[in-house]
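One-letter residues, chain by chain:
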Amino acid sequence: MVERTLAIIKPDAVSHHLVGAIIQRYEQAGLVPVAVKMVRLTKAQAEGFYYVHKQRPFFDSLCSFMSSGPIVVLALESENAIQRYRDLMGATDPAKAAAGTIRKAYGTHIEHNAVHGSDSAESAQFELAYFFSALESPQR
Ligand code: ADP
Ligand code: MG
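Residues numbered from 1 in each chain as written. Chains lettered and ligands numbered in written order. Predicted model: local features only at pLDDT ≥ 70, side-chain atom pairs only at ≥ 80, totals over all residues. Heavy atoms only, no water.

Caption draft 1: Examining the overall build of the protein chain more closely. Scanning the protein chain for helices and strands turns up seven helices and four strands. If you list the helices and strands of the protein chain from N to C, you get β-α-α-β-α-α-β-α-α-β-α. Rg of the C-alpha trace for the protein chain: 14 Å, near the compact-globule value of 14 Å for 140 residues, within the 12% margin. Considered along the principal axes of its C-alpha atoms, the protein chain spans approximately 40 × 35 × 25 Å. Counting every position in the protein chain, which comprises 140 residues, the buried fraction comes to 47%. Long-range contacts, defined here as pairs at least 24 residues apart, represent 77% of the contacts in the protein chain between residues at least 6 apart. About 7,200 Å² of surface is accessible on the protein chain, with carbon and sulfur atoms providing 55% of the total. Looking at the protein chain, you have 14 positive and 14 negative side-chain charges, and the mean spots of the two groups are 3 Å apart. (Helix = DSSP H or I, 4+ residues; strand = E, 2+ residues; numbered from the N terminus. Rg over C-alpha atoms; globule rule 2.2 N^0.38 Å. Buried < 20%, exposed > 50% of the residue type's maximum accessible area, 1.4 Å probe, protein only. Contact = heavy atoms within 4.5 Å. Areas by Shrake-Rupley, 256 points an atom, 1.4 Å probe, with all protein chains shown as cover. Lys, Arg positive; Asp, Glu negative; His and termini not counted. Charge placed at Lys NZ, Arg CZ, Asp CG, Glu CD.)

The structure is reproduced here in structure tokens:
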């Protein structure tokens, strides 16, 4: 099934000038960008995005990090985009991520792990709508 997933190039990767390298990984994997923009979240906006994690011990630190600088958000489209992109990202902790994954290559810490990706169809729907209007992510 052709579907869309929400990707974020996190503040650590943007500040390390990895935007181009990471988007190239997406395209080489067949994950086609259908919407792209750079934004800087307020802490409240980061908390809204990550609300499912609000009881976790790392929530406050995560939301501070995600609002610490600009991020690049993308809608990626492909057959099985959600799982395909999870596989390309690798494990949450870069130290445990498999060789060849984006987090292995560019993540430096379990929190500073370079990229975000939706984990289910339900979260993709919420996350795409959090960042993109219908006009900003047109049907191809
Ligand atoms: P993923 O991004 O792989 O889906 P989670 O949804 O579990 O991982 O966590 C969201 C984000 O919170 C992670 O990408 C990471 O930046 C941060 N995070 C997760 N677990 C921890 C942790 N134990 N300590 C610090 N930050 C964490
Ligand atoms: Mg997650």
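Having seen the model, we can carry on.
Caption draft 2: Up close: the packing of aromatic side chains. All chains considered together, the criterion is met by seven aromatic pairs. Ring centres 4.9 Å apart and planes at 80 degrees place the aromatic pair Phe49 and Tyr50 in the edge-to-face group. Measuring from ring centre to ring centre gives 5.6 Å for Phe126 and Tyr130, while their planes differ by 45 degrees; the resulting arrangement is tilted. In this pair, Phe126 and Tyr130 are both assigned in helix H7 (residues 121-131), four residues apart and thus about one turn of the helix distant. (Phe/Tyr/Trp six-rings, centres within 6.5 Å; stacked < 30°, edge-to-face > 60°.)

Caption draft 3: A look at the site of ligand 1. In the vicinity of ligand 1, the contacting residues are Lys10, His53, Phe58, Leu62, Arg86, Thr92, Arg103, Ile110, Glu111 and Asn113. Between ligand 1 and Lys10, the relevant distance is 2.9 Å, taken from an oxygen atom to a side-chain nitrogen or oxygen of the residue. Between ligand 1 and Arg86 there is a distance of 3.0 Å, counted from an oxygen atom to a side-chain nitrogen or oxygen. The protein chains hide 80% of the 530 Å² of surface that ligand 1 would expose on its own. Of the residues assigned to the shell around ligand 1, the class counts are three nonpolar, three polar and four charged. (Near = heavy atom within 4 Å. Polar contact = N/O pair within 3.5 Å; in protein donor to acceptor, adjacent residues only side chain to side chain. Nonpolar A, V, L, I, M, F, W, Y, C, P; charged D, E, K, R; others polar.)

Caption draft 4: Representation of the environment of Ile8 within the structure. Position of Ile8 relative to the elements: it lies in strand E1 (residues 2-9). Residue Ile8 is classed as buried on the basis of its relative accessible area, which comes to 0%. Residues Ile8 and Ala75, 67 residues apart in the sequence, show an inter-C-alpha distance of 8.9 Å. When neighbours within four sequence positions are excluded, Ile8 is seen to be in contact with Tyr26, Phe49, Met66, Ile71, Val72, Val73, Tyr85, Ala114, Val115, His116 and Phe131.

Caption draft 5: Focus on the sheet that holds strand E2 (residues 32-39). With antiparallel pairing, four strands are arranged side by side in an open sheet as E2-E3-E1-E4. Every other strand in the sheet has two partners, leaving E2 and strand E4 (115-117) as the edge strands with one partner each. Each neighbouring strand pair of the sheet contributes to a mean axis angle of 20 degrees, computed without reference to strand direction. Bridge analysis of E1 against strand E3 (residues 71-79) gives eight bridges, and the strand direction is antiparallel. Each residue of the ladder has a partner; that of Glu3, found in E3, is Ser78. Along the sheet, helix H2 (residues 19-28) makes contact with E1, E2, E3 and E4, crossing E1 at roughly 165 degrees. (Pairing = 2+ DSSP bridges. Axes fitted to C-alpha atoms, helices over the stretch in contact; angles between N-to-C directions.)

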